[in-house]
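So the chains spell out like this:
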Amino acid sequence: MPHDLKPDEAQARRVSVFNVPNALSIYRIAAAPVILYGLFSGHRMLFAWLIIINLATDALDGFIARHWKLETALGAKLDSIGDLTTEFLALLGLIVLEPAFILSHIIPIGLLFVFYLASQAVSLLRFHRVVSLHLYSSKLTSILLAVFFSTYFLFAYVPVLFYAVIIVGILDGIEDIAVLCLLKEHRQDVRGLYWVLKER
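From a predicted model like this one, the values you see are computed outputs, not experimental measurements. (Residues numbered from 1 in each chain as written. Predicted model: local features only at pLDDT ≥ 70, side-chain atom pairs only at ≥ 80, totals over all residues. Heavy atoms only, no water.)

### Some details on helix H3 (residues 32-40)
Then, in step 1: Within H3, burial applies to Ala-32, Ile-35, Gly-38 and Leu-39. Buried residues of H3, viewed axially, fall in a sector of 120 degrees; they line one side. Those residues of H3 that are exposed and aimed more than 90 degrees away from the buried face are Pro-33 and Phe-40.
Then, in step 2: At the exit of H3 stands Gly-42, carrying a positive phi of roughly 90 degrees. (Buried < 20%, exposed > 50% of the residue type's maximum accessible area, 1.4 Å probe, protein only. Helix = DSSP H or I, 4+ residues; strand = E, 2+ residues; numbered from the N terminus. Arc of directions from axis to C-beta.)

Here's what the structure looks like:
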């Protein structure tokens, strides 16, 4: 333990690190090999359920961390890794399992990823790290993705849900870029553009 920390402070730090939001983020990362197994072994529903759970816990861990004041630097990093892993696996799954769907919706999906990659590029250029802002709009995108995947794989394709994901995801990318341009130094767990402007 660092010499400048009192025992009760060190204990509080340990408690803050070993919490529910971090456990959910670790679960999302640890589930990746099982998701890949389900995808490439023909277990379509195993893949679908695990992606849905990952997307749902993505939204849940941020809410828990903010509501119960459990935000930590480690938690933000774990959440970012879990987000990137889940988003990559979700797209990979659609490409592998539903190539016709991807091809027939290539323009809106392409636009979504242009803004996503643009926000990552701005973050790398300005702060030399991937985006880990965790905006409310990002969590809303995760919730909509979870609903879309649930309906698509368990019931049927619902166009309204698909385009809601696209529109909110693009707006999230635009908000990411705006926030990254306004911040003087990289911060984690920024709620949104409104709060950044309010601080100026």
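So much for the structure itself; the text now carries on.
### Let's talk about the confidence of the model for the chain
Then, in step 1: In this model, the chain carries a mean pLDDT of 86, and residues with pLDDT of at least 70 account for 90%.
Then, in step 2: Scored below 50 in pLDDT, residues 7-15 makes 5 contacts in the model with residues more than four places away or belonging to other chains. (pLDDT = per-residue confidence, 0-100. Contact = heavy atoms within 4.5 Å.)

### Concerning the nonpolar core
Then, in step 1: Counting 30 residues, the largest nonpolar core has Ile-35, Ile-51, Phe-148, Phe-149 and Phe-153 as its most contacted members.
Then, in step 2: Mapped onto this core, the elements with two or more residues apiece are H3, helix H4 (44-67), helix H5 (73-97), helix H6 (99-104), helix H7 (106-127), helix H8 (136-154) and helix H9 (159-182).
Then, in step 3: When residues in this core are grouped by element, the largest group, 7 residues, is from H8.
Then, in step 4: In this structure Phe-149 touches Ile-51, Ile-52, Leu-55, Ala-90, Leu-94 and Leu-154, once residues within four positions along its chain are discounted.
Then, in step 5: Core analysis: the second largest hydrophobic core is formed by 10 residues, Val-122, Leu-135, Leu-180 and Val-190 among them. (Core = buried A, V, L, I, M, F, W, Y, C linked by side-chain atoms within 4.5 Å.)

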